[in-house]
Amino acid sequence: MNPYLFGYLGAAILALSALSLTRKNPVHAVLYMIVMFFHLAVLYLGLGAEFLAAVQIIVYAGAILVLFLFVIMVLNIKEEMEGERFSGGWPFGIAIASGLFLLVVLITGNIVPGQQGPYTPGVIAAQTNTKLVGTLLYTQYIFPFEIASLILLVAVVGAIVLAKKKLR
Amino acid sequence: MDLLYNAVFRPETYSPLIQVLIILAKALVVVGVLMLHVTYATYFERKSIGHMQVRLGPMRVGPHGLLQPIADFIKLFFKEDIIPASADKPIFFIAPAISIFAGMTAISVIPFFSGFVVANINIGLLFIFAMSSLNAYGVVLAGWASNSKYSFLGGLRSSAQVISYEIAMGLSLVGVMMMAGSLNLSEIVRAQQRFPGGFFWPQALGFFVFMVAAFAETNRTPFDLPEAESELVAGYFTEYSGMRFALFYVAEYIGMIVMSLVGITCFLGGWNGPFAIPYLPFAWLFIKLYLFIFFFYWVRATLPRYRYDQLMALGWKLLIPLALLNIIGTGLVKMLLKG
């Protein structure tokens, strides 16, 4: 990946996340988040994960954030904008976050790159990313895949139970 | 002539800078053709619905009203641009732009004839889903930013409708992906050459679900609840006027053209036809496109609007199960044929 592109994307993602956190108007916050998700998708594209990039936009930007907007729009925005953006404990939160960041910085010096697997960029380009992800999900990783689908099914059943007022 | 052929079909023989220029030129050609089609799609709609209702439609400007779209454009261009005092201005300004850009970007992955695509990417179909889901933001944000009750109700209706029908639309195209074994739209068209009539017959169920979902995604009658003029004035763009109103209007037609092109590419064999037309490799695609657009108008003149609960019930209880059934059926047949 081009280091300049990576630099731009990293800086933009950080800046947009910060903007999204500090906006008083929740709709504006969600909009900055959408732009951030697009940058994230481009980051995936640069790493050769085109399927992930498309899913990132379809699922996060296309579905989840529309639902966010849907809920936020029904709120009383004026009331939201009166109060303080952060609750009292924010210096404490920042202290913990910077501690974690320091830890990450200290660790990155000692990272040993793992052995290269069979899926090099050349192999992925020949077979297309989507096909490889599908094949691996349904062969090598079928068990975790099934567990994930079961968890989602439980969530779906739970949502229906919550939404239904009286159960017969 | 050779130079032109190489530029269109084998751009990789040139240096990167020229390749970028070639892509830009292709994009300009596509946008130009698209805008021309949008302009005359409005005229075509007024004429065909007029004749269906036993009237003539626009007749005054030019012979048979042929210059009417241009007169409309000039009028909208010089109209006063009114912005509601309590609107959220930045969002109010970008909402129509989001709508129109999402539609136009989706066109870039559609193959117009063998080898002519602005962006020939492997995830073409997913890219179209991504862009059509982005389209919802234009409508939702316009509804919210206008700070008007009618607009707001239109925006809310639209967001729920688009999310529901996007699932049905995505699932209806899974059968096509399974049969073609690819997400690249050019590959999907090539895979259909073995079948007479494309994937229309083997994927008839998927096509039905896709068409119904396409009407809902583009907010066309019988699912035009986000802009239901008898209840919500004009729904999400009630407060828009002048050029911004025109942008929404254009975005709606672009949405219709994109959905038609996706349907043609995925189910009706794309640029292929019963016989090759010399010198016009894109002729069949455009003939099919005009038939699709006529179908949109025909349905508008025929069917009344659905009630909102009927719309939701249709999407969740009929279309999604049908699309799932189609996926299982396609998979079973594929396994049986494989032996």
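Quick caveat: nothing in here was measured; it's all calculated off a predicted structure.

Caption draft 1: Geometry of the side chain of Glu50 of chain A. With respect to the helices, strands and loops of the structure, Glu50 of chain A is situated in helix α3 (residues 50-74). One buried charged residue, Glu50 of chain A, remains without a salt bridge, the closest side chain of opposite sign being Lys131 of chain A at 11 Å. In this structure Glu50 of chain A touches Leu45 and Asn129 of chain A together with Asn122 and Ile123 of chain B, once residues within four positions along its chain are discounted.

Caption draft 2: Quick peek at the interface of chain B and chain A. Across the contact, 21 residues belong to chain B and 25 residues belong to chain A. Buried surface at the junction of chain B and chain A, summed over both partners, amounts to about 2000 Å²; 80% is from carbon and sulfur atoms. Per-element accounting of the side of chain B that touches chain A gives the leading share, 9 residues, to helix α5 (residues 124-145) of chain B. Residue classes in the side of chain B that touches chain A are distributed as 15 nonpolar, 4 polar and 2 charged.

Caption draft 3: Structural context of empty space enclosed by the protein. Residues and elements named next belong to chain B. Taken as a whole and judged by the stated rule, the model has 1 cavity of 30 Å³ or more. Every residue lining the largest cavity is counted, 21 residues in all, and those nearest its centre are Asn135, Glu217, Thr218, Ala251 and Gly255. Every element with two or more residues in the lining of the largest cavity is listed here: α4 (89-107), α5 and α10 (242-267). Along the lines of polarity and charge, the residues of the lining of the largest cavity split into 12 nonpolar, 7 polar and 2 charged.

Caption draft 4: Up close: helix α12 (residues 308-338) of chain B. Residue and element names in this part refer to chain B. Its 31 residues place the ends of α12 44 Å apart at the C-alpha level, agreeing with the 45 Å of an ideal helix rising 1.5 Å per residue. The principal kink in α12, of about 30 degrees, is found at Leu314. Taken together, the buried positions of α12 are occupied by Leu311, Met312, Leu314, Gly315, Leu319, Ile320, Ala323, Asn326, Ile327, Thr330 and Gly331. Of the surrounding elements, those touching the buried residues of α12 are α6 (149-180) and α8 (204-217).

Caption draft 5: Representation of a nonpolar patch on the surface. A contiguous nonpolar patch, built from Leu66, Leu67, Ile70, Phe73, Ile74, Phe77 and Phe78 of chain B and spanning about 710 Å² of accessible area, is present on the exposed surface. On the secondary structure map, Ile74 of chain B appears in helix α3 (residues 68-77).

Caption draft 6: Representation of the packing of aromatic side chains within the structure. All names here are of chain B. Tallied over the full model, the rule gives 26 aromatic pairs over all chains. With a centroid separation of 5.6 Å and 45 degrees between ring planes, the pair formed by Phe210 and Phe267 is classed as tilted. Of this pair, Phe210 sits in helix α8 while Phe267 sits in helix α10, and the two are 57 residues apart along the sequence. There is no split in this pair, since Phe210 and Phe267 are both buried. Following the ring pairs from residue to residue traces out a cluster consisting of Phe44, Phe215, Phe294, Phe295, Phe296, Tyr297 and Trp298.

Caption draft 7: Spatial organisation of the domain arrangement of chain A. All names here are of chain A. Split into domains, chain A comes out as domain 1 (1-78) and domain 2 (119-168). Here the C-alpha centroids of domain 1 and domain 2 sit 22 Å apart. Opposite the 5 residues of domain 1 that make contact, domain 2 presents 4 residues. Here domain 1 packs against domain 2, burying approximately 320 Å² in sum over the two surfaces, 60% of which is carbon and sulfur.

What counts and what doesn't
- Residues numbered from 1 in each chain as written.
- Chains lettered and ligands numbered in written order.
- Predicted model: local features only at pLDDT ≥ 70, side-chain atom pairs only at ≥ 80, totals over all residues.
- Heavy atoms only, no water.
- Helix = DSSP H or I, 4+ residues; strand = E, 2+ residues; numbered from the N terminus.
- Buried < 20%, exposed > 50% of the residue type's maximum accessible area, 1.4 Å probe, protein only.
- Lys, Arg positive; Asp, Glu negative; His and termini not counted.
- Salt bridge = Lys/Arg side-chain N within 4 Å of Asp/Glu carboxyl O.
- Contact = heavy atoms within 4.5 Å.
- Buried area = accessible area lost by both parts, 1.4 Å probe.
- Nonpolar A, V, L, I, M, F, W, Y, C, P; charged D, E, K, R; others polar.
- 1 Å grid on protein atoms, 1.4 Å probe; cavity = no way out; pocket = protein on both sides within 12 Å on 5 of 7 lines; lining within 4 Å.
- Points joined across faces, edges and corners; volume = space filled by probe spheres on them.
- Expected span 1.5 Å × (residues − 1).
- Bend = angle between axes of the 7 residues up to and from the residue.
- Patch = residues over 30% accessible without salt bridge, like charges linked within 9 Å, V, L, I, M, F, W, Y side chains within 5 Å.
- Areas by Shrake-Rupley, 256 points an atom, 1.4 Å probe, with all protein chains shown as cover.
- Phe/Tyr/Trp six-rings, centres within 6.5 Å; stacked < 30°, edge-to-face > 60°.
- Domains from an automatic or database assignment.

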